[in-house]
Structures are given as C-alpha cells and as structure tokens.
Amino acid sequence: MTKVGILGGGQLGRMLLQAAANYPVETFVMESDANCPAAHLCHHFIKGDIKNFDDVYNFGKGLDAITIEIEAVNEDALEKLESEGVRVYPKPAALKTIKNKILQKKFYKDNQIPTSEFVITQNKNELNQHSNFLPAAHKIGMGGYDGRGVELMKTTADFEKGFDAPSVLEKLVQIKKEIAVIIAVNDKGENALYPPVDMVFDTRLNLLDYQISPANLPEKVLWKAEAIALKLVKDLKSPGIFAVELFVDLDDNVLVNETAPRVHNSGHHTIEANYSSQFDMLWRIMLQYPLGNTEPILPAAIVNLLGAEGFSGEAYYEGLNEVMQIDNVFIHIYGKAETKPGRKMGHVTILSKEKQELIHQANRIKHTLIVKQLARLYDYLL
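Residues numbered from 1 in each chain as written. Predicted model: local features only at pLDDT ≥ 70, side-chain atom pairs only at ≥ 80, totals over all residues. Heavy atoms only, no water.

Enquirer: Hey, could you run me through helix α5 (residues 101–110) in this one?
Expert: The periodicity of an α-helix, 3.6 residues per turn, causes residues three or four places apart in sequence to face the same way. What α5 keeps buried is the set Lys101, Ile102, Gln104, Lys105, Phe107 and Tyr108. The secondary structure elements touched by the buried residues of α5 are α4 (92–99), β6 (118–121), β7 (136–140), β9 (167–171), α6 (219–236) and β15 (254–260). Once α5 finishes, Gln112 follows within two positions and takes phi at roughly 55°, a positive value. (Buried < 20%, exposed > 50% of the residue type's maximum accessible area, 1.4 Å probe, protein only. Helix = DSSP H or I, 4+ residues; strand = E, 2+ residues; numbered from the N terminus. Contact = heavy atoms within 4.5 Å.)

Next up, the structure:
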C-alpha cells in the first residue's frame with residue numbers, strides 16, 4: 001500500500017484524511033500537538049516540529065509521497081527527500097518561491113504575471129521613503145498566515161504598524177471583487193481547473209467571511225482569470241493543488257494577489273458541491289490516478305465559523321441544532337478543543353440553484369451559529 005505523509009495536522013489535514021478513506025493508502029501525519037484536528041484520523045501520528053530539518057527528514061524518508069497543509073515547513077528537508085526519490089507535493093522549489101511573499105511577488109514580475117505594483121522594504125524605517133506609494137498593504141515576507149502579517153497603510157501615520165523585517169509594500173488596487181481559482185496538476189503536467197469562486201472578506205479580521213461558487217463573471221474576465229492562473233501554475237513547474245487568489249479591478253483587469261500551494265479555504269465547498277473535491281483531487285495526484293471531474297453539481301456558498309469576540313476557552317457551538325435543520329446545509333466542525341477570537345473553528349457549506357438563497361442562508365447562518373466559550377455559558381446559567 002502507498003505510504004503518504006502530511007506535514008501539519010490542522011483542519012486541512014483532517015479533511016484530506018476524510019477523503020483518503022476512499023483510497024488504498026497508508027496515512028502518516030506529523031504535528032507538534034497530539035490533539036490536533038487530524039491526529040485521530042490517520043493510520044500513524046508522529047509528534048514533531050514541521051519546521052525542524054531532522055524531524056521532517058526522518059518523518060519522510062520511509063514514505064512514497066509527502067504533502068503539506070501549511071507553508072511553514074522545512075523545505076530543505078523536503079529537497080533532500082525529493083533527491084532520495086520521495087515524491088513531494090508541491091515540489092520544494094515551488095514551495096520556496098511561494099512561502100516567501102517577496103520571492104512570490106518577484107516570481108510574478110519575472111514571469112509577466114499581472115499583479116499589483118510593489119516595493120521591497122527591509123525594515124520599518126524604509127517605509128518612510130515610500131509615502132507616495134499609499135494607500136498600500138504591508139505584508140511580512142515570512143510567517144504571515146490567515147490575516148496575520150498584513151497591515152493596511154492608508155496614511156504615513158500607519159507606518160508605525162509596519163513590519164521591522166523584510167516585507168512587501170503592495171499598492172492597493174480599487175477592485176470590484178476578489179476571486180479564487182483552484183488548479184490541480186499531476187506528475188505528467190496535465191491540469192484540471194475548478195470554476196472560480198467569489199470571495200467576500202471580513203475587512204476587520206482580513207479573513208474570508210463567505211464565498212459563492214461559481215463566481216459571477218463576464219465571459220472575458222473568466223477567460224482572463226483562468227489563463228492567468230494557469231500560466232502561473234505552469235511556470236511553477238510542480239504537481240499538486242494550487243489556489244490562486246485574484247483581484248478584478250474596476251476596468252476588468254485581472255491581477256494575482258497571492259497563491260497557496262495546497263488545498264485551500266476557497267475550495268472547501270468542493271466536498272459537497274463538485275464531483276471531485278479538492279481533497280479527493282490531491283489524493284488522485286499523489287496516488288497517480290487520473291484527475292477527477294471539477295464540474296459543479298450545484299452552486300454553493302461557504303460560511304467560515306470563527307471564534308466569537310470576547311470568548312477564549314472550551315468551544316461551544318450556539319445555534320448548531322437550528323442550522324442543522326436547514327435543507328442542503330453541511331456543517332464541518334474541525335475538532336479544535338479551544339476557541340479564541342477569529343480562530344477558524346469550522347465551516348458551513350450551503351447548496352442551492354438560486355444565488356439569492358445562497359446569500360440569504362449564508363447571512364442567516366453567520367448570525368445564528370456562533371462559536372462561544374463553554375465556561376462563559378456556565379457562568380451565564382448560574
């Protein structure tokens with residue numbers, strides 16, 4: 001049986017393992033937290049540090065293939081494993097380019113992939129040289145994740161919030177919408193595209209609030225988005241699953257925002273809404289089976305379940321029973337024992353032929369299903 005390892009044991013690893021149950025594969029997970037969401041779903045759990053060379057190398061050397069569920073892994077160990085015949089998804093070279101925001105933006109520029117204007121800053125003081133670049137977003141080169149590591153700069157007073165480390169200062173673009181395209185690439189270089197999705201962001205947390213699939217785009221914009229995303233992924237020269245986040249500006253130009261070299265939040269709806277989910281597709285790639293069918297079964301919306309403000313501790317899901325009574329609603333709770341403000345605790349997928357129904361139910365669920373703290377609930381009852 002093929003042995004496949006996953007570096008990281010969060011919700012993405014959990015959903016990957018749920019899809020793995022359909023295939024003849026022996027699964028291995030490495031994570032520092034033995035109670036992580038993926039720990040109890042794999043065949044073998046190894047406690048270790050995904051950033052540590054020895055831990056990653058020792059974890060991977062007996063495997064046929066290895067993948068990631070977060071970019072912050074030791075790619076030098078992955079390079080050594082790759083040189084010794086372990087198949088790595090994505091390739092370490094592609095991971096190195098993408099995990100560093102500076103290298104990622106330079107990659108777009110070098111490959112003539114449209115993206116917003118940017119300058120590189122080595123420290124916070126250098127921001128003072130770029131007041132003419134505002135409004136802009138300051139993104140830390142290494143380590144940013146899930147809305148962390150990004151600061152909006154509207155006036156020079158905001159420079160104080162900047163990062164005192166190598167970072168990218170990106171000119172803000174006036175946009176109509178944000179979309180994402182997920183592309184699957186196998187070892188032969190064959191690809192399959194999922195239909196683009198419309199992403200609506202929580203501007204306060206800088207996290208995905210809800211999304212609609214497929215995106216409502218004019219045909220020319222759709223073609224542009226697919227062509228740009230496809231070129232980007234081909235230029236990375238790596239098999240795997242890639243989520244390309246794009247801006248559509250006021251003139252219908254399409255610009256790349258960021259790329260993730262893994263399964264992604266913007267593809268969670270594919271579990272119920274598409275014939276082959278992004279998670280199923282990655283197993284097909286890693287096990288060297290034919291690519292799956294990316295066609296939608298029905299239009300879908302996703303609502304992220306985030307820890308509510310003011311609650312930290314054992315998680316309690318207020319409104320869960322009410323939401324479970326709604327037709328064509330699928331609830332995914334990630335199994336994280338503790339909630340904290342803004343933490344991703346789960347997601348809900350809604351299916352409907354009617355877009356207005358999707359938006360209505362997404363808003364209803366967002367205000368009904370609230371992740372709170374169990375201890376606070378006891379206090380309230382007392």
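Enquirer: Even after reading the chapter, I still don't get the sheet that holds β6, so can you show me in this structure?
Expert: Each strand in a sheet pairs with its neighbour through backbone hydrogen bonds, running either in the same direction (parallel) or in the opposite one (antiparallel). Taken together, four strands build an open sheet; the order of strands is β6-β9-β7-β8 and the sheet is antiparallel. This sheet does not close on itself; its edge strands, each paired only once, are β6 and β8 (150–153). On average, each strand axis in the sheet is inclined to that of its neighbour by 25°, with strand direction left out of account. One ladder, built from five bridges, connects β7 with β9; its direction is antiparallel. Bridging across to β9, Ile140 finds its partner in Ser167. (Pairing = 2+ DSSP bridges. Axes fitted to C-alpha atoms, helices over the stretch in contact; angles between N-to-C directions.)

Enquirer: Before we go on, may I ask you to explain the sheet that holds strand β2 (residues 25–31) in this structure?
Expert: Overall, parallel pairing links the five strands, which are arranged β3-β2-β1-β4-β5 in an open sheet. A single partner strand is all that each edge strand has here, and the edge strands are β3 (44–47) and β5 (87–89). Taking the axes of each pair of neighbouring strands and ignoring which way they run, one obtains an average angle of 20° across the sheet. Helix α2 (residues 53–60) contacts β1 (2–7), β2, β3 and β4 (65–68) of the sheet and is inclined by roughly 170° relative to β2. The sheet contacts of helix α3 (residues 75–83) involve β1, β4 and β5, and relative to β4 the element is tilted by about 160°.

Enquirer: It is not clear to me how the pairing of strand β17 (residues 313–318) should be interpreted in this structure. Could you clarify?
Expert: Look at any regular strand and the pattern is simple: side chains alternate between the two faces of the sheet. Pairing between β17 and strand β19 (residues 338–339): two bridges, direction antiparallel. Its bridge partner being in β19, Gly313 is matched across the sheet by Thr339. As judged from the four bridges shared by β17 and strand β21 (residues 370–373), these two strands associate in the antiparallel manner. Considered in β21, the bridge of Tyr316 is made with Lys372.

Enquirer: Honestly, the side chain of Thr339 in this entry has me stumped. Any pointers?
Expert: Tracing the backbone shows Thr339 in strand β19. When near neighbours in sequence (up to four residues on either side) are disregarded, Thr339 contacts Gly307, Phe311, Ser312, Gly313, Glu314, Ala315, Met345, Val371, Lys372 and Gln373.

Enquirer: Please explain empty space enclosed by the protein as it appears in this structure.
Expert: Regions of empty space are outlined by a rolling probe, equal in size to a water molecule, passed over the atoms. Taken as a whole and assessed by the stated rule, the structure comprises one cavity of 30 Å³ or more. If you add up the space inside the largest cavity, you get close to 50 Å³. Contributing to the lining of the largest cavity are Ala180, Val181, Ile182, Tyr194, Pro195, Val197, Ser213, Ser266, His269 and Asn274. Tallying contributions element by element places strand β10 (residues 175–185) first for the lining of the largest cavity, with three residues. Classifying every residue of the lining of the largest cavity by side-chain character gives six nonpolar, four polar and no charged. (1 Å grid on protein atoms, 1.4 Å probe; cavity = no way out; pocket = protein on both sides within 12 Å on 5 of 7 lines; lining within 4 Å. Points joined across faces, edges and corners; volume = space filled by probe spheres on them. Nonpolar A, V, L, I, M, F, W, Y, C, P; charged D, E, K, R; others polar.)

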